[in-house]
Amino acid sequence: MELRGVERADIDGKTVLVRVDYNVPLSGGEVADDARLRASLPTVQHLLEHGAKVVLISHLGRPEGRVVEELRLAPVAVRLGELLGRPVRQLEDCVGPDVSAAIEQGSTGDVFLLENVRFHPEESANESGFARELARLGDVYVNDAFAAVHRAHASTVGIADHLPAYAGLLMEREVAALSRLDDPERPYVAIVGGKKARSKLGALRDLVPRVDEILIGGGVALTFLRAHGAEVGDSVVDEGLFDEIRGVGAAAEREGTAIHLPEDVVIGVDLSPEGEVRTSDARAIPAGWQGLDIGPETIERFTERILAAKTVVWTGPLGAFEVEPFSNGTRRIGEAVATSDAYSVIGGGETGEAMARFGLVDRISYVSTGGGACLALLRGKHLPALEALRS
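Residues numbered from 1 in each chain as written. Predicted model: local features only at pLDDT ≥ 70, side-chain atom pairs only at ≥ 80, totals over all residues. Heavy atoms only, no water.

### Some details on the sheet that holds strand β14 (residues 277–281)
What counts is decided by this rule: Two strands pair under a simple rule: DSSP has to find at least two bridges between them. Under the scheme used here, helices are H or I runs from DSSP no shorter than 4 residues and strands are E runs no shorter than 2 residues, and both carry numbers assigned from the N terminus. Only the contacting stretch of a helix is used when fitting its axis, a line to C-alpha atoms as for every element, and angles between N-to-C directions run 0 to 180 degrees.
The strand order β14-β13-β16 describes an open sheet built from three strands, whose pairing is antiparallel. What marks the edges here is a single partner per strand, and that holds for β14 and β16 (290–294). If you compare each strand with its neighbour and ignore which way they point, the axes differ by 45 degrees on average. Taken together, the five bridges between strand β13 (residues 264–268) and β14 define a ladder with antiparallel strand orientation. Residue pairing for β14: Val265 is matched across the bridge by Ser280.

In structure tokens:
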């Protein structure tokens, strides 16, 4: 996909509205993880170096169209200013006369951060009037929020109807990296994990005709196992998906796509670092126990498939990696991906967090900043926010 890049924009002396994704964790009134802020720096610095006044637009959390004090962006402005080495003025709203006046009074080289755009219900509804209000704040629009590109919101889609629209440097990099998967080297292996099967079932259905093998772990695997008659103890499963899961299996058989489920799992009575931990047959987990990680036999089998692959895409951890007794599967599979000769893409989100925790990010071909957006692009979904940026 060829995008109209920000390098082609006439920005000297202009006010540039930049949709970024600063949906970052906060702790104690401070940014707990600034990776997304750092990812946006090349675009912001490019605009400043070319004579722009920069107005940043972002959401934080899910305030559902109302003001939530804990989801204000003030801590983000503080940390971003530290990273940029210049003040970032955080405004008290994202639209309105006070916002317009503050931006108009600013000078070239100033950086503003609008308040959480999702405090307004019109944002998620992509309400045209709200999009026009945002657009009136600037002369040029740049979308650098890849992690939100699958959302048809006013600040990602509607605003592009009213201003010259360009892709930021992060957006260009993300799309270029993922476009390599349009015509992948084979074997092409997908690794799918995470807690909830429901959130991954659509992706699995769409990946079946695209890949050669799918390795399934995490809570997703437990629902798949139960759908095929396995005893999974007290593991969390979504019984309402069983028919659809069997449909995915039938589709995989027709396409010749191999689906690999765990042979063994690491189990616990609960998700506790102090509790008893055992390894169990994945199809015979005792009552009172739940599967919380893939086991050693599964790790070995999955590793073999990864090392034989030429392309690997991974979304969703394979166990409760944040609790030490159940981190081994995700870590070992991460090491296998990092060791392989395959072109490897990690679909952001928790999987990206895990790779950072285990010090593996620099050994992966590409770690996306957006889990849901990455999956949507890999699945071939129509993304209106990207269409607005096509060259």
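This is not the end of the story, as more comes after the structure.
### Concerning empty space enclosed by the protein
To be explicit about the condition: In this analysis the probe radius is 1.4 Å and the grid spacing 1 Å, with only protein atoms considered; a cavity is a set of points the probe fits into but cannot get out of, a pocket is an open set with protein on both sides within 12 Å along at least five of seven lines, and lining residues have an atom within 4 Å of a point. Grid points are joined across faces, edges and corners, and a volume is the space filled by probe spheres set on the points.
Scanning all chains against the criterion turns up one cavity of 30 Å³ or more. Taken as a whole, the largest cavity spans an internal volume of roughly 70 Å³. What lines the largest cavity is Val20, Asp21, Tyr22, Arg36, Ala39, Ser40, Asp144, Ala145, Phe146, Ala147, Leu170 and Thr369. Among the elements that make up the lining of the largest cavity, the one with the highest residue count is helix α1 (residues 35–49) (three residues).

### Some words on a negative patch on the surface
The criterion, for reference: Each patch groups residues whose relative accessible area exceeds 30% and which form no salt bridge, using 9 Å between like charges and 5 Å between nonpolar side chains of Val, Leu, Ile, Met, Phe, Trp and Tyr. Methods summary: accessible areas were calculated by the Shrake-Rupley approach with a probe of 1.4 Å, and residue burial reflects only the protein chains presented. Definition used for salt bridges: Asp or Glu carboxyl oxygen within 4 Å of a side-chain nitrogen of Lys or Arg. For the purpose of counting charges, residues Lys and Arg are taken to be positive, whereas Asp and Glu are taken to be negative. His and the chain ends are not included. To locate a charge, the coordinates of NZ of Lys, CZ of Arg, CG of Asp or CD of Glu are taken. Accessibility here uses a 1.4 Å probe with only protein chains present; expressed as a share of the type maximum, an area under 20% marks a residue as buried, one over 50% as exposed, and anything in between as partly exposed.
A contiguous patch of negative charge, built from Asp281, Glu297, Glu300 and Glu304, is present on the exposed surface. Counting residues per element, the negative patch draws most heavily on helix α10 (residues 296–307), at three residues. When you line up the elements, Asp281 lands in strand β14. According to the relative accessible area criterion, Asp281 is partly exposed, its value standing at 44%.

### Digging into the sheet that holds strand β4 (residues 53–57)
Read from one edge of the open sheet, six strands run β5-β6-β4-β1-β7-β8, paired in parallel fashion. Pairing within the sheet leaves two strands with one partner each, and these edge strands are β5 (89–90) and β8 (165–167). Bridging between β4 and strand β6 (residues 111–113) involves three bridges; their strand directions are parallel. Bridge assignment links Val55 to a residue of β6, and that residue is Phe112.

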